[in-house]
Amino acid sequence: MSAYSETVNVIMKSRVRESRTHGSVRGWHREVPVYSTVLGKLGLVGGMGVESTIPYYHDIVYGVQNKIGKKFFPNITIESVNALDVLGLCSEQKYDELTDYLMQAIKNLTTSGADFIALSANTPHIVFDRLQNKSTVPLVSIVEATRNEAIRLNKHKLGLLG
């Protein structure tokens, strides 16, 4: 499993909203009465590498479709940041500036209506805790998602490529 799959799980678990009519959605540790499945809007901070942003978008869209069992395109907005700026701030250990830079992207996504946000690369997770403390919407950590999946699979040694 990848962080994409965990993001899909977060979308599905936390974004199913109840309504007053009949029907049900199964699979999330309970049965929830719903008329239709309404998912919140995901914001992706991308651009830190096309190689990471494109697979996130692709796998989230089709992962949600697999979970729902029908053709459906989740509402996603991507805010692109400059990978060279992110890498430069990291290499110079300017973490306050990096936090401010990424927070602007998070604020833009929040303004666009994002209900929760994921960073589509490993590198910016160096300031994830700072971002989470400042964000007004929940952030999905790909580091925590990977750790949770490793625990679920009973894996004790992991390698990080990137």
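These notes cover the structure that comes with them. (Residues numbered from 1 in each chain as written. Predicted model: local features only at pLDDT ≥ 70, side-chain atom pairs only at ≥ 80, totals over all residues. Heavy atoms only, no water.)

**Concerning the environment of Tyr101**
Where we set the bar: Here a helix means four or more residues in a row that DSSP labels H or I, a strand means two or more in a row labelled E, and each is numbered from the N terminus. For the exposure calls, accessible area comes from a 1.4 Å probe over protein chains only, and a residue counts as buried if that area is under 20% of its type's maximum, exposed if over 50%, partly exposed in between. Here, residues are in contact when the closest pair of their heavy atoms is within 4.5 Å. Within 3.5 Å is the distance limit for a polar contact, defined as a pair of N or O atoms, with the added protein rule that one can donate a hydrogen and the other accept it, and that residues adjacent in sequence qualify only through two side-chain atoms.
One can find Tyr101 in helix H4 (residues 95–111). Using a relative accessible area of 26% as the deciding quantity, one classes Tyr101 as partly exposed. If we skip the residues at most four places from it in the chain, Tyr101 touches Val81, Asn82, Asp85, Val86 and Leu89. At 3.3 Å, the side chain of Tyr101 and the side chain of Asp85 are in polar contact.

**Let's talk about the side chain of Thr99**
Counting through the fold element by element, Thr99 comes out in helix H4. Look past the residues within four positions of Thr99 in its chain and what remains in contact with it is Val127, Arg130, Leu131 and Lys134.

**Let's talk about the side chain of Thr77**
Within the secondary structure, Thr77 sits in strand E4 (residues 76–80). For Thr77, the side chain forms a polar contact with the side chain of Lys41, separated by 3.0 Å. Sequence-distant contacts of Thr77, defined by excluding residues within four places in its chain, comprise Lys41, Leu42, Gly43, Leu44, Leu109 and Ser112.

**Concerning the pattern of salt bridges**
To be explicit about the condition: What makes a salt bridge here is a side-chain nitrogen of Lys or Arg within 4 Å of a carboxyl oxygen of Asp or Glu, nothing more.
Evaluation of the coordinates by the stated rule reveals four salt bridges. Note that Asp100 is salt-bridged to Lys134, the shortest N-O span being 3.7 Å. Taken as a pair, Asp100 in helix H4 and Lys134 in helix H5 (residues 128–134) lie far apart in primary sequence, 34 residues in all. Since its relative accessible area comes to 47%, Asp100 is described here as partly exposed. With a shortest N-O distance of 2.6 Å, Glu149 and Arg152 are connected by a salt bridge. Of this pair, Glu149 and Arg152 both sit in helix H6 (residues 142–152), separated by three residues, roughly a single helical turn. Classification of Glu149 by relative accessible area gives buried; the value is 7%.

**A word on unusual backbone geometry**
The backbone phi angle of Gln93 is positive, close to 55°, even though this residue is not glycine. In this structure, Asn154 takes a positive phi of about 60° despite not being glycine. Within the fold, Asn154 resides in the segment after H6. A residue is classified by how much of its surface remains accessible, and Asn154, at 55% relative accessible area, is exposed.

**Comments concerning the pairing of strand E5 (residues 116–119)**
Rule in force here: Following DSSP output, two strands are said to pair if at least two bridges run between them. Classification remark: right-handed applies to a crossover when, strands pointing away from the viewer, the course from the first strand over the helix to the second runs clockwise.
A two-sided burial pattern is seen for E5, the buried positions comprising Phe116 and Ala118 on one face and Ile117 and Leu119 on the other. Where strand E3 (residues 42–46) and E5 come together, four bridges link them in parallel fashion. Paired with Leu42 across the bridge in E5 is Phe116. Both E5 and strand E6 (residues 139–140) contribute to a ladder of two bridges, which runs parallel. Bridge pairing in E6 links Ile117 to Leu139. Tracing the backbone out of E5, into H5 and back to the parallel element E6 gives a crossover that is right-handed.

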